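An overview of the molecular structure
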Amino acid sequence: MSEAATHDDHHDDHHDHHPSGLMRWITTTNHKDIGTLYLLFSLTMFFIGGIMAMVIRLELFQPGLQFVDPQFFNSMTTMHALVMIFGAVMPAWTGFANWMIPIMIGAPDMALPRLNNWSFWILPFAFTLLLSTLFMPGGAPAGGWTMYPPLVLQTGAAFPFLIFAVHFMGASSIAGAINIIATVFNMRAPGMTLMKLPLFVWTWIITAFLLIASIPVLAGAVTMLLTDKFFGTAFFSAAGGGDPVMFQHIFWFFGHPEVYILILPAFGIVSAIIPTFARKPLFGYSSMVYATGAIAFLSFIVWAHHMFTVGMPLAGELFFMYTTILIAVPTGLKVFNWVATMWRSSMTFETPMLFALAFVVLFTIGGFSGLMLGVTPVDFQYHDTYFVVAHFHYVLVTGAVFALMAGAYFWLPKWTGNMYDEKLGQWHFWTSTISVNVLFFPQHFLGLAGMPRRIPDYAVQFADFNMVSSIGGFVFGLSQLLFVMVVVKCIRGGEKATDQVWEGAHGLEWTLPSPPPYHSFTVAPEPSSIEGGMR
Amino acid sequence: MTFSKIFGSRTKQAVVAAMLALPASASAEWGLNLPRGVTPFSREIYDLHMLILGICVVIGVAVFGVMFYSIVAFRKSKGAQAAQWHESTVVEMLWTVAPFLILVGMAVPATKALIMMEDVSGADMTIKVTGYQWKWHYEYIEEGVELYSTISSDSNVARRLDSGIDPNTVQNYLLDVDNRLIVPVNQKIRFLTTAGDVIHAWWVPALGWKRDAVPGFINESWALIDEIGVYRGQCAELCGKDHGFMPIVVEAVSESDYAAWIEQQKSESDQPVALNIEHN
């Protein structure tokens, strides 16, 4: 604590020169400003994508078409996915990385601050391109976020906008990933060895490598779509000697690592929060690191499990089944380690901990359904049904998004210098957790009972669970307004946060004042103050 | 397309109507699980599904049980003191190896089922299924009989935006067609799936599988239906605007009824235009 005070005294104003007002945010190269921009952008996209989800659930509230035509419905499912994946979850993780990684490793800022500014400011342009398609003749892209040809080639004026938006998002992600790798490998404080890194940093390095390896593959795939559409190539057209299934292979070679890009940082955050509120070191730190690496490796050799029904040789199906279910081993190890961390601990249940605990349970449920989907013969039934929709929303909403919420509550006091409203936070947690299960759990039943995904209308035997699911969806959507209230209230004021904020908190970020000085660590922290990642 | 166009003044009306519809729809079935189906393969994977689900439930109960016990027992408010141990190679090895062994136990029956699924040899007959936006075309290869199958007209009218028809009043809403696919029971039928425009997927849950219909490529699957009945399904791969409106109806009939039906089709197809005009 005394150390933190010294930092504060030494580095108050004289390093803190930056333009004010709008220009501060446009020209900023500061990791915290950019982190804030990323997080606010992500929250905005979370609500835009959320509105699309509300349109979907409204139309599915009862059988028959009441509100939108099928084409627009397909646009909503497509855009909801693109906005949530590329606009909400990925930028949110980059925002967390920007804010926390330099502080966690004892650095003054990111290694490549100007690239950092650029990687953020590409995003608003990318999403302006993407969202502008809603107002174009022919409507927004409606071929699914997976952009399978030949269907996606039937997109109207929106098509090139979709492709270039994806390119921009990819460029932004790659720049962010390079920056994070450069920062972690070059900017660590003396004494911060790799095996002392907090798990959030570890999971993010691995995520960054996944991004660098997989995003160019996506860029290649969508470029081939572009040339197929406009320049007469036939990469994906059987009539011209191409292969529509090849697109799916290329897409999922990106797409499966992408899944772990969305979830690995969540593992890191949960691994920080559970030990803090359990007041006990994380169980099995090094096995957590190795498990993350194993998951990342496996993520590159399982892609065709998204395509079991597409028609593959038996040997291919067996290979992808075995590798896919193998992912359960390192993932299971993580869950067991978290539970072991709770055993014989001393827990309290502030909002970040509640979200982290809900993450462990609900992400595991998503993991179970993932295991079921990985078993090829049964996937011939599950594939492209609401069972899949339930599965990936359990891992992405109650997985990634819940971890984001947990992280936001965990570090909001550090970011703003003020404690958030704990009562409001608890309300947000309980309304979200109950409603999200009402929303997604019945979708397992719908899928098993035979409801395909991506349909705007359904047979009447699916009516009841759809209505239940929609009610859950509306409540979940509204609950997120509570989160906005918490954030706004916390930025505006509140009880002053201490440096350590949480009683059980360990790690460099808690040695700095709340909020931290503009240039985080201008003097490297004492090597003796570096405790190692299991705390 | 603008939002005002989509959310017209009828929004409020429709929401109120939807609320009133709640009790009406309560009569619908609350299907919870996979159907067992009517083919050897569908029953095989139903058993596999129940096995894996069972394993997941047991593991889930154990893990969440320990977790909830910890949440109740190890609270600071109850004066719990945190231990400081943080690793155990033995324990960590144990919960790496044990799940691996469970997975091997699951992979064995799964491999068997998959080999069974992919063995299309010895088929008694072949049906070629071609997906189009948005209908199915069936061709009985050996018999030279073919037919198109599209959504039935009463569903097709009721499903329009603003149709004013309550789907609950339409029989087999969205799951009925003009021309059913008639097949015999107790015959190993080889299905060849392909498509004429974009990718579709042919799925009848009672048969136990779905298979993508990819333009330019032909996929093979098989089914041996052992119960007479009508089995319904839908397209399962997003194929554009009317993806939700290209149902599949398979009617499994006795072998003699099938033979009679085929004969009738053949005689009708002597007047080649009759089939399509009559049924479309």
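Residues numbered from 1 in each chain as written. Chains lettered and ligands numbered in written order. Predicted model: local features only at pLDDT ≥ 70, side-chain atom pairs only at ≥ 80, totals over all residues.

**Considerations on the overall build of chain B**
What counts, and what does not: Under the scheme used here, helices are H or I runs from DSSP no shorter than 4 residues and strands are E runs no shorter than 2 residues, and both carry numbers assigned from the N terminus. Every C-beta atom is placed from the backbone, and the number of other C-beta atoms within 10 Å of a residue's own sets its class: buried at 20 or more, exposed at 12 or fewer, partly exposed in between. Residues are treated as contacting if the C-beta atoms built from their backbones sit within 7 Å of each other.
A count of helices and strands for chain B gives seven helices and ten strands. Looking at chain B as a whole, 35% of its 280 residues qualify as buried. Put simply, of all contacts in chain B between residues at least 6 apart along the chain, 68% involve residues at least 24 apart.

**So, the interface of chain A and chain B**
Convention followed: Here the nonpolar group is Ala, Val, Leu, Ile, Met, Phe, Trp, Tyr, Cys and Pro; Asp, Glu, Lys and Arg are the charged ones; every other residue, Gly included, is treated as polar.
Contacts between the two partners involve 88 residues from chain A, matched on the other side by 89 residues from chain B. Sort the elements by how many residues they give to the side of chain A that touches chain B and helix α11 (residues 328-342) of chain A lands first, with eight residues. When grouped by side-chain class, the residues that make up the side of chain A that touches chain B number 56 nonpolar, 23 polar and nine charged.

**Describing α11 of chain A**
All names here are of chain A. What counts, and what does not: Expected helix span is taken as 1.5 Å per residue step, with the number of steps being one fewer than the number of residues.
The terminal C-alpha atoms of α11 lie 21 Å apart, and with 15 residues this matches the ideal 21 Å at 1.5 Å per residue to within 8%. Of all 15 residues that make up α11, 15 are buried, and the element is covered over most of its length. One or two positions beyond α11, positive phi appears at Arg344, with a value near 55°.

**What to know about the domain arrangement of chain B**
All names here are of chain B. Our working rule: Segmentation into domains, and thus their bounds, comes from an automatic or database assignment.
For chain B, the assigned domains are domain 1 (35-62 + 87-119) and domain 2 (125-279). Centre-to-centre separation of domain 1 and domain 2, based on C-alpha positions: 33 Å. Counting from both sides, the interface comprises nine residues of domain 1 and, opposite them, twelve residues of domain 2. Sorting elements by how many residues they give to the side of domain 1 that touches domain 2 places helix α3 (residues 40-73) first, with four residues. Classifying every residue of the side of domain 1 that touches domain 2 gives six nonpolar, three polar and no charged.

**As for helix α3 (residues 31-59) of chain A**
End to end, α3 of chain A covers 42 Å across 29 residues, agreeing with the expected 42 Å (1.5 Å per residue, within 8%). Within α3 of chain A, 22 of the 29 residues are buried, which leaves it mostly tucked inside the rest of the structure.

**A look at the nonpolar core**
Side chains of nonpolar character tend, in soluble globular proteins, to be buried together. We apply this condition: Definition of nonpolar core: a set of buried Ala, Val, Leu, Ile, Met, Phe, Trp, Tyr and Cys residues joined via C-beta atoms within 7 Å.
Residues Val89, Val270, Phe359 and Ala406 of chain A are the most contacted members of the largest nonpolar core, which totals 258 residues. Here the element with the most residues in this core is helix α14 (residues 386-416) of chain A; it accounts for 22 residues. Both domain 1 (35-62 + 87-119) and domain 2 (125-279) of chain B contribute no fewer than three residues apiece to this core. Ignoring anything within four residues of it in the chain, the contact list for Ala406 of chain A reads Ile269, Val270, Ile273, Pro352, Phe355, Ala356 and Phe359 of chain A.

**Observations regarding the packing of helix α12 (residues 351-374) of chain A against α14 of chain A**
Packed helices, taken two at a time, are described by the angle between their axes plus the distance between the axes. Residue and element names in this part refer to chain A. The condition is simple: The axes used here are C-alpha line fits, helices contributing only the stretch in contact, and every angle between their N-to-C directions lies in the interval 0 to 180 degrees. Oblique is the label for every angle not falling under 35 degrees (roughly parallel), over 145 degrees (roughly antiparallel), or within 65 to 115 degrees (roughly perpendicular). Less than a right angle of anticlockwise turn of the near helix away from the far helix marks a crossing as left-handed, whereas a clockwise turn marks it as right-handed.
For the pair α12 and α14, interaxial distance at closest approach is 8 Å and the crossing angle is 160°. The orientation of α12 relative to α14 falls into the category roughly antiparallel. Where α12 crosses over α14, the handedness of that crossing is left-handed. Along the lines of polarity and charge, the residues of the contact of α12 with α14 split into 20 nonpolar, seven polar and no charged.

**Regarding the sheet that holds strand β10 (residues 247-253) of chain B**
Residue and element names in this part refer to chain B. Rule in force here: The pairing criterion is simple: DSSP has to find at least two bridges between the two strands.
Strand order across the open sheet formed by five strands is β4-β10-β9-β6-β7, with mixed pairing between neighbours. At either end of the open sheet lies a strand with only one pairing partner, and these are β4 (181-184) and β7 (209-213). Neighbouring strand axes in the sheet, compared pairwise and without regard to direction, differ in orientation by 25° on average. Bridging between strand β6 (residues 200-204) and β7 involves five bridges; their strand directions are antiparallel.

**Overview of the pairing of strand β1 (residues 125-132) of chain B**
Residue and element names in this part refer to chain B. Pairing of β1 with strand β5 (residues 188-195), which is carried by seven bridges, proceeds in the parallel orientation. By the bridge assignment, Gly131 is partnered in β5 with Ala195. Two successive antiparallel strands, β1 and strand β2 (residues 135-140), enclose a turn made up of two residues.

**Side note on the sheet that holds β5 of chain B**
Residue and element names in this part refer to chain B. Read across the open sheet, the five strands follow the order β3-β2-β1-β5-β8; overall the sheet is mixed. A strand with exactly one partner marks an edge of an open sheet, and here the two such strands are β3 (145-149) and β8 (219-224). Pairs of neighbouring strands in the sheet enclose a mean axial angle of 25°, with direction left out of account. Sheet topology places β5 next to β8; six bridges connect them, and they run antiparallel.

**Brief notes about the packing of α12 of chain A against α3 of chain B**
The geometry of α12 of chain A relative to α3 of chain B is characterised by a closest axis approach of 10 Å and an angle of 165° between their N-to-C directions. As judged from the angle between their axes, α12 of chain A and α3 of chain B are roughly antiparallel. Of the two possible hands of crossing, α12 of chain A and α3 of chain B adopt the one that is right-handed. Every residue of α3 of chain B that contacts α12 of chain A at Val360, Val361, Thr364, Phe368, Leu371 and Met372 of chain A is listed here: Ile52, Leu53, Cys56, Gly60, Val63, Phe64 and Met67 of chain B. Residue classes in the contact of α12 of chain A with α3 of chain B are distributed as eleven nonpolar, two polar and no charged.

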